[in-house]
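Summary of the model geometry
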Amino acid sequence: MNNTRLDMNTRLDMKRLAAMDAAQAARLLHRVREETLAGRTPPIAPRPEIDASWRRMARLGLDPDRGTSSVLLRRDELEQRRRGTLLAEVLETLSCGLAGIADASRQIMVVTDEHGRVLWREGHPAVMRQATGICLEEGAAWTEGATGTNAVGTALATHRAVQVHSAEHYVQALHNWTCAAAPVHDPRDRRLLGVLDVSGPASTFHPSMLALVGSVARLAEAELRERHRGSVERLRAVAAPILCRVGGRAVAVDVHGWTAAVTGLAPVDRIALPKTLGSGRVWLPSLGLCAVEPLPGGWLLRVEEDTARGGAESGAASRVVLDLSRPRRWTVAVSGAAGSWQQELSPRHAELLYLLALHPEGRTAAELAQDVFGDRTRTVTVRAEMSRVRRTLAGVLAHRPYRFREEIAVEVLRPAAPEELLPHSTAPAVRRAGAAR
């Protein structure tokens, strides 16, 4: 390979590939893939993120010779998903940041939701037509499970920006393509919103595209953060004089539960709300029974004083279902005589609730620190996280030690494959529990 000769002591990376002749780089990647998938030693190891993805595909039993066809979303369902995502609010920022560059470089920009469904695409017309040929079109599924290792699917699986070039794609039909993608998170709670991707023919490959896509994704997150701050400030201006006249405990929240103003209660960042909320009386695990009144851009929640805080003491909560069956979306559902409620969980909170479910007798802060970090001294971090969890589940969780209340029946829904149980987690106790199944 002359000056670009690679051996097992050389790390394969995008800069080295870019320095090579394109045909030579393609041959190398094809050989690396062929030898690795056959279980033989390749001339150079694949990049760690690619190797990890290939292993996931092998565990799924995905055929590397399959096509990339997908059942497209119906038009009405596609429009519904577009309207329901926060990404719609920053689409102009994404487009201005990347679509023109993609067009000029003979590539296309793609935006997907958190499930890997393509919501929007734009860019070079000829490449758009080529993309349709591999089903990279609006409404198509581009998770790893649907199309193998690819920038969109692998970014969704890892929550990290990634570039996939040529034969690094698991499915052979994509070997003539290159792509770079970055996840976009809700800056308020780090929930995954979707993925921003630039894709094109393999000949358009450039290692700097990954940094560009990542920068635009962060710019979109910054815009979402500013939009949220502005909407909460407007709601606070409306709610403040109302709360001055309210007796007892009350809180003004936006439609997603983010707190704008509070009286008679300890301030919290967010109140978990049911998926459907309207005027009337509703039970909330963190507050108890509340009277709900509409406000411009949100709700006024007035805690009914004859209801015990959290509702559990009055028998409102009796069952918790911790759903960890999906690789990247975890929820906790609370139900009882007063109704039911469900909330998505952050990765850390999913870990903590799972560990408490494994230990009904309870865990001290030091024990949880050992479980999560392998370090009993990190109790300050554990207590801060558990404080956030208990703000949402005040009537369900007890402390000293931390545990689910004895009167609560707890059920954990696990994935069929043990390795898919909280796959992001590096917590020693979680990894041991997965390996023991």
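About the cut-offs
- Residue indices begin from 1 for each chain and proceed along its sequence in written order.
- Residues qualify for local features only when their pLDDT is at least 70, as the model is predicted, and side-chain atom pairs are given and counted only at 80 or more; totals for whole chains, interfaces and linings, by contrast, use all residues.
- Side-chain metrics in this entry use all non-hydrogen atoms of the structure; hydrogen atoms and water are not considered.
- Numbering of helices and strands runs from the N terminus; a helix is a DSSP stretch of H or I covering at least four residues, while a strand is a stretch of E covering at least two.
- Values of the radius of gyration come from C-alpha atoms, whereas the globule rule sets the reference at 2.2 Å times the count of residues to the power 0.38.
- For every residue, the accessible area (1.4 Å probe, protein chains only) is compared with the maximum for its type, and the residue is labelled buried under 20%, exposed over 50%, or partly exposed between those bounds.
- The contact rule is simple, with two residues in contact once any of their heavy atoms fall within 4.5 Å.
- The accessible surface values rely on the Shrake-Rupley method and a 1.4 Å probe; as for residues, cover is taken only from the protein chains in view.
- Residues counted as positive are Lys and Arg, residues counted as negative are Asp and Glu, and His and the chain ends are not counted.
- Think of each charge as sitting on NZ of Lys, CZ of Arg, CG of Asp or CD of Glu.
- Helices are assigned an expected span. That span is 1.5 Å times one less than the residue count.
- Bend angle per residue: angle between axes fitted to the 7 residues ending at that residue and the 7 residues starting there.
- Think of it this way: DSSP has to see at least two bridges between two strands before they count as a pair.
- What counts as an axis is a line fitted to C-alpha atoms, over the stretch in contact for a helix, and the angles between N-to-C directions run from 0 to 180 degrees.
- Nonpolar core, defined: a set of buried Ala, Val, Leu, Ile, Met, Phe, Trp, Tyr and Cys residues in which side-chain atoms within 4.5 Å join the residues together.
- pLDDT expresses, on a scale from 0 to 100, how confident the predictor is about each individual residue.

1. What to know about the overall build of the protein chain
In terms of regular secondary structure, the protein chain is built from 13 helices and 16 strands. In summary, the protein chain has a C-alpha radius of gyration of 25 Å against a globular reference of 22 Å for 437 residues, a match within 12%. Overall, the C-alpha framework of the protein chain stretches about 80 × 45 × 35 Å when taken along its three principal axes. The burial tally for the protein chain puts 50% of its 437 residues in the buried class. Long-range pairs, those at least 24 residues apart, make up 55% of the contacts in the protein chain with a sequence separation of at least 6. Entry remark: accessible area of the protein chain is about 20000 Å², with carbon and sulfur atoms responsible for 50%. Put simply, the protein chain has 58 plus and 49 minus side-chain charges, and the middle of one group is 2 Å from the middle of the other.

2. Regarding helix α9 (residues 208-245)
It helps to recall that an α-helix has 3.6 residues per turn; residues three or four apart then point in one direction. Between its terminal C-alpha atoms α9 stretches 57 Å, which fits the 56 Å expected from 38 residues at 1.5 Å a residue. The axis of α9 is deflected most strongly, by about 35 degrees, at Ala 239, and proline Pro 241 appears within four residues downstream.

3. Some points on the sheet that holds strand β1 (residues 108-113)
Read across the open sheet, the five strands follow the order β2-β1-β5-β4-β3; overall the sheet is antiparallel. Every interior strand has two partners, whereas the edge strands, β2 (118-123) and β3 (162-165), have only one. Pairwise comparison of adjacent strand axes, ignoring direction, gives a mean angle of 15 degrees for this sheet. The pairing of strand β4 (residues 177-185) with strand β5 (residues 192-201) spans nine bridges and is classified as antiparallel. Residue pairing across strands places Ala 181 opposite Asp 197, the latter belonging to β5. Its contacts with the sheet place helix α4 (residues 75-84) against β1 and β2, and it is angled at close to 85 degrees to β2. In this fold helix α6 (residues 125-133) packs onto β1, β2, β4 and β5, with an angle of close to 145 degrees to the strand it touches most, β2.

4. Side note on the nonpolar core
Core analysis: the largest hydrophobic core is formed by 39 residues, its most contacted members being Leu 17, Ile 108, Leu 136 and Trp 142. The residues contacting Leu 17, other than those within four sequence positions of it, are Leu 12, Ala 25, Leu 29 and Phe 205. Ranked by size, the runner-up nonpolar core spans 38 residues in total, among them Val 320, Tyr 354, Leu 355 and Val 372.

5. A short note on the pairing of β2
Strand direction decides the pairing type here: β1 and β2, joined by five bridges, are antiparallel. Within β2, the position partnered with Thr 112 by the bridge is Val 118. What sits between the antiparallel neighbours β1 and β2 is a turn of four residues, in which Gly 116 has the positive phi angle 80 degrees.

6. Notes on helix α3 (residues 48-60)
Taking 1.5 Å per residue, 13 residues should reach 18 Å; α3 reaches 19 Å between its end C-alpha atoms and fits that length. Among all positions of α3, only Ile 50, Asp 51, Ser 53, Trp 54, Arg 56 and Met 57 are buried. Tucked into the core, α3 has its buried residues touching α2 (22-37), α7 (144-147), α8 (151-158) and β3.

7. Digging into the environment of Ala 141
Examined against the element boundaries, Ala 141 turns out to sit in the loop between α6 and α7. Looking at Ala 141, the relative accessible area reads 13%, which means it is buried. With sequence-adjacent residues up to four places away left out, Ala 141 is seen in contact with Ser 70, Gly 116, Arg 117, Ala 146 and Thr 147.

8. Description of the confidence of the model for the protein chain
Scored by pLDDT, the protein chain comes out at a mean of 88, with 93% of its residues at no less than 70. Segment residues 1-9: pLDDT under 50, and 18 contacts once partners within four positions in sequence are set aside and those in other chains are kept.

9. Focus: unusual backbone geometry
For residues that are not glycine, phi is negative in most cases, and the peptide bond is trans in most cases. That bond from Arg 400 to Pro 401 is cis: its omega, 0 degrees, falls within 30 degrees of zero. Following the sequence through the fold, Pro 401 ends up in the loop between β14 (397-398) and β15 (403-404). You will see that Arg 106, though not glycine, has its phi angle at about 60 degrees, which is positive. As for its placement among the helices and strands, Arg 106 is situated in the loop between α5 (91-104) and β1.

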